[in-house]
Amino acid sequence: MMREYLLGNAAIARGILEAGAGVVTSYPGTPASEIVETLAPLAKKYNVHVEWSVNEKVALEVAIGASWTGTRTAAVMKHVGLNVAADPFMTLAYTGVRGGLVVITSDDPFCHSSQNEQDSRRYAQFACIPCMDPADPQEAKDMTLYAFELSEELELPVLLRPTTRVSHARADVEVGEIEENRAKPEFLKNPVRWVALPAHARPRHSVLLEKQAAIKAALEKSPWNQLVLRGELGVIASGISGLYADEAIKQLDADISILHIGTFPPPDGLCSEFIRHVDKVIVIEELEPVLEEYVERVARVHNLDLIILGKRTGHIPREGELDSCIARNAIASMANLPLVESPSPGEAAAILPPRPPALCPGCGHRAAYYAIRKAFGKDAIFPSDIGCYTLAVDMGTIDTCLCMGASITLASGIRFSGEERDICCSIGDSTFLHTGLPGLLNAAYNRARITIAILDNSTTAMTGHQPHPGTGVTACGDKTKAVSIVSLAKALGADFVETVDPYDVNATIETFRRAKDYQGLSVVIAKQVCVINERRAGIKRKPFMVNENCTGCRECVEFGCPAIEFEEDSDSARINLLCTGCGVCAQICPYDAIEVVKDR
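Residues numbered from 1 in each chain as written. Predicted model: local features only at pLDDT ≥ 70, side-chain atom pairs only at ≥ 80, totals over all residues. Heavy atoms only, no water.

(A) How the structure looks around the overall build of the protein chain. Secondary structure summary: the protein chain contains 24 helices and 22 strands in total. Taking 25 Å as the expected radius of gyration for a compact globule of 600 residues, we find that the protein chain reaches 27 Å, a close match to that expectation. C-alpha atoms of the protein chain, sized along the principal axes, occupy 80 × 65 × 55 Å. In the protein chain, which comprises 600 residues, the proportion classed as buried is 55%. Within the protein chain, contacts between residues separated by at least 24 positions form 77% of all contacts whose residues are at least 6 apart in sequence. Entry remark: accessible area of the protein chain is about 26500 Å², with carbon and sulfur atoms responsible for 53%. (Helix = DSSP H or I, 4+ residues; strand = E, 2+ residues; numbered from the N terminus. Rg over C-alpha atoms; globule rule 2.2 N^0.38 Å. Buried < 20%, exposed > 50% of the residue type's maximum accessible area, 1.4 Å probe, protein only. Contact = heavy atoms within 4.5 Å. Areas by Shrake-Rupley, 256 points an atom, 1.4 Å probe, with all protein chains shown as cover.)

In structure tokens form, the structure reads like this:
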């Protein structure tokens, strides 16, 4: 066995390779993105088809098709992506799989980069399939490999649920050999199984229910379920929470029993043995009380007098991430031991200025929103979407953000309610291709009088600059057809479709004004390449500076670019070294006080 120092997501990618998967699909989303980013450069070497799919539903369906030929496949997404893929996911449990199919769904407790805290274990419960809950990168890699084997043994998909702290942790990981020899794929016609008509689905549901005993039997002896019996106080913990509990018990130096759970459904034998042994137990898990509810059911059979603490009793929070301090105090409270104060950032937090997320200096989205605000005014309604541009919420041009692709449909609903004010929704290029297309089609078909601003920076920037169908490059770097967003918008029914360069401020404002006045559906595509990708490509513009004409009006500062500061002592603005040379500030300055830095 070799050891490599790996990111949790890279460890999962390694497990996929060691399992001999032939197809891996995904839509980028933090905290899951690095799995495919690790695999893409290795795809040709190991003859694996790796793709960024247009959305998670498509990703899962492509993976399902490959699985039905006998090929091992993985579909990778973040937790909210499973919502998008839920339609095929639920029926897949009925049809089952041939080649092992692992659905990897990274959950994000504390909403580090997500719009909700969602527990994907509920989806596994809902679909009646196994779920693996890794505690660290080593388990993540090993569970990935096992999940493929279990999937083929049961002929069911298996869910792997790493959380942010597992996906983005680094550790020494024991790795094995990479499997390259795969069976020749062959789709076997079997309409009774693969065609989900009601007459076929009903007996397949019975098959799924009959497999529940086999699922429990397969997971009962799993190495990721570990029982340590000590005293009559106990802890049951799942995933990374088990590491927090181990650390807490060690710090407390207490005689406390512990049961680590790494699989769902949990092992009946270990759980019943543990529950009979203890008088009081605390269940530690992140987000939903999935394990806690299971413990309550088992206790009714094996220990009616068991005192169960957890989320329902307020000992463990139901939202946010857990940590060793939360676990320690929860266990200490159960054991009547002294509590400790949660560590605080200390004096540094009091003196450091707040640094909320912001658009990059020179970002074309900022210029586009400036133009939208000038054209539509403050009283208009501005539904928006998921992406970098959501960081412009302080510019007064983002009133809603619900889920991928919802900006256009929300805007339509607001209009159809009878709202008479102007409406301009915004959506990014990758998000538009993800789930914005049906919204635009619906708006055109139902004659919604709204303006759609498609903010095209030629990448999926928010999740790490992955390509999409509009970029002309695949996940593996191969050239492919670049889909025209202009042509798509016209084909879907929009009659007013214009493209602008947001760096040309006046022309962009004028275009949005005409879009606002258009008595129908209007689409404006604000196209400017992401400044980070420009920098990586070696494109450099001359920076700008403030000259003696500055009156301190703060018009440029209110624009919100991090490259523009205000010097209180001199009552004038200044441009710092973050300037990318976009020149937008020079165009909006009313006193011609901003100019290109002259060559020395």
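(B) How the structure looks around the pairing of strand S5 (residues 101–106). Most of S5 is tucked away: six of the six residues are buried. Of the two faces of S5, both are covered, the one formed by Leu101, Val103 and Thr105 as well as the one formed by Val102, Ile104 and Ser106. For strand S4 (residues 73–78) and S5, the ladder comprises six bridges, and the chain directions are parallel. Of the residues in S5, the one forming a bridge with Thr73 is Leu101. (Pairing = 2+ DSSP bridges.)

(C) The side chain of Thr463, seen in detail. If you trace the backbone, Thr463 turns up in the loop between strand S16 (451–456) and helix H20 (485–491). Thr463 sits in the buried class, given a relative accessible area of 17%. Within the structure, the side chain of Thr463 is placed 2.6 Å from the side chain of Gln466, a separation counted as a polar contact. The contacts of Thr463, once residues within four sequence positions are left out, are Pro28, Gly29, Thr30, Ser33 and Glu37. (Polar contact = N/O pair within 3.5 Å; in protein donor to acceptor, adjacent residues only side chain to side chain.)

(D) Highlighting the packing of helix H7 (residues 137–154) against helix H11 (residues 212–220). Two numbers describe how H7 lies on H11: the axes approach to 11 Å, and their chain directions differ by 145°. Our pair here, H7 against H11, has a crossing hand that is right-handed. Within the contact between the two elements, H7 uses Tyr146, Leu150, Glu153 and Leu154 and H11 uses Ala214, Ile215, Ala218 and Leu219. (Axes fitted to C-alpha atoms, helices over the stretch in contact; angles between N-to-C directions. Left-handed = near helix turned anticlockwise from the far one by under 90°.)

(E) Seen up close, unusual backbone geometry. Following Thr30, the chain continues to Pro31 via a peptide bond in cis, the omega torsion being 15°. Looking along the chain, the bond that leaves Phe264 and enters Pro265 is cis, with omega of 5°. Following the sequence through the fold, Pro265 ends up in the loop between strand S12 (263–264) and helix H13 (268–277). Although it is not a glycine, Cys111 sits at a positive phi angle of roughly 55°. Here Cys111 shows up in the loop between S5 and helix H6 (121–127). On the accessibility criterion, Cys111 (29% relative accessible area) is partly exposed. A positive phi angle, close to 55°, is found at Asn336, a residue other than glycine. Among the secondary structure elements, Asn336 is positioned in the loop between helix H15 (324–334) and helix H16 (347–351). For Asn336, a relative accessible area of 70% puts it in the exposed group.

(F) Quick look at the packing of aromatic side chains. Across all of its chains, the model carries six aromatic pairs by this definition. For the ring pair Trp68 and Trp194, a centre distance of 4.4 Å and an interplane angle of 25° mean the geometry is stacked. Here Trp194 lies in helix H9 (residues 191–194) and Trp68 lies in the loop between helix H3 (56–67) and S4, a separation of 126 residues in the sequence. Exposure class is identical for Trp68 and Trp194. Each is buried. For the pair Phe89 and Tyr123, a centre-to-centre distance of 6.1 Å together with 85° between the ring planes defines the contact as edge-to-face. With Phe89 in helix H5 (residues 86–95) and Tyr123 in helix H6, this pair connects stretches of sequence that are 34 residues apart. (Phe/Tyr/Trp six-rings, centres within 6.5 Å; stacked < 30°, edge-to-face > 60°.)

(G) A look at the state of the cysteines. Applying the stated criterion to the full structure yields zero disulfides. As a non-bridged cysteine, Cys530 has Cys360 as the owner of its nearest cysteine sulfur, 6.3 Å distant. Taking relative accessible area as the criterion, Cys530 reaches 9% and is therefore assigned buried. Among the cysteines around Cys556, which has no disulfide bond, Cys550 carries the closest sulfur, lying 6.2 Å off. (Disulfide = S-S within 2.5 Å.)

(H) Fine view of the sheet that holds strand S13 (residues 280–284). Spatially, five strands are ordered S9-S11-S10-S13-S14 in an open sheet, and the strand pairing comes out mixed. The sheet is open, and its two edges are formed by strand S9 (226–228) and strand S14 (307–309), each paired on a single side. Strand-to-strand, the axes of this sheet are offset by a mean angle of 15°, without reference to chain direction. In this structure, strand S10 (residues 233–238) lies alongside S13, joined through five bridges in parallel fashion. Paired with Val235 across the bridge in S13 is Ile282. Relative to strand S11 (residues 256–261), helix H12 (residues 241–252) is tilted by about 165°, and along the sheet it contacts S10, S11 and S13. H13 contacts S9, S10, S11 and S13 of the sheet and is inclined by roughly 160° relative to S11.

(I) Summary view of H15. Among the 11 residues that make up H15, eight are buried, leaving the element largely enclosed by the rest of the structure. Buried residues of H15: Cys325, Ala327, Arg328, Asn329, Ala330, Ile331, Ala332 and Met334, and no others. Two or three places before Cys325, at the start of H15, stands the capping residue Asp323, its side-chain oxygen 3.0 Å from that residue's backbone nitrogen. Looking at the residues trailing H15, positive phi occurs at Asn336, about 55°.

(J) Main features of the environment of Thr73. Relative to the assigned elements, Thr73 resides in strand S4. A residue is classified by how much of its surface remains accessible, and Thr73, at 0% relative accessible area, is buried. Spatially, the C-alpha atoms of Thr73 and Glu117 are 27 Å apart, while their sequence positions differ by 44 residues. Excluding residues within four positions of it along the chain, Thr73 makes contact with Val23, Ala63, Ala66, Ser67, Gly100, Leu101, Val102 and Phe148. In terms of polar contacts, Thr73 uses its side chain to reach the backbone carbonyl oxygen of Ala63, at 3.2 Å.

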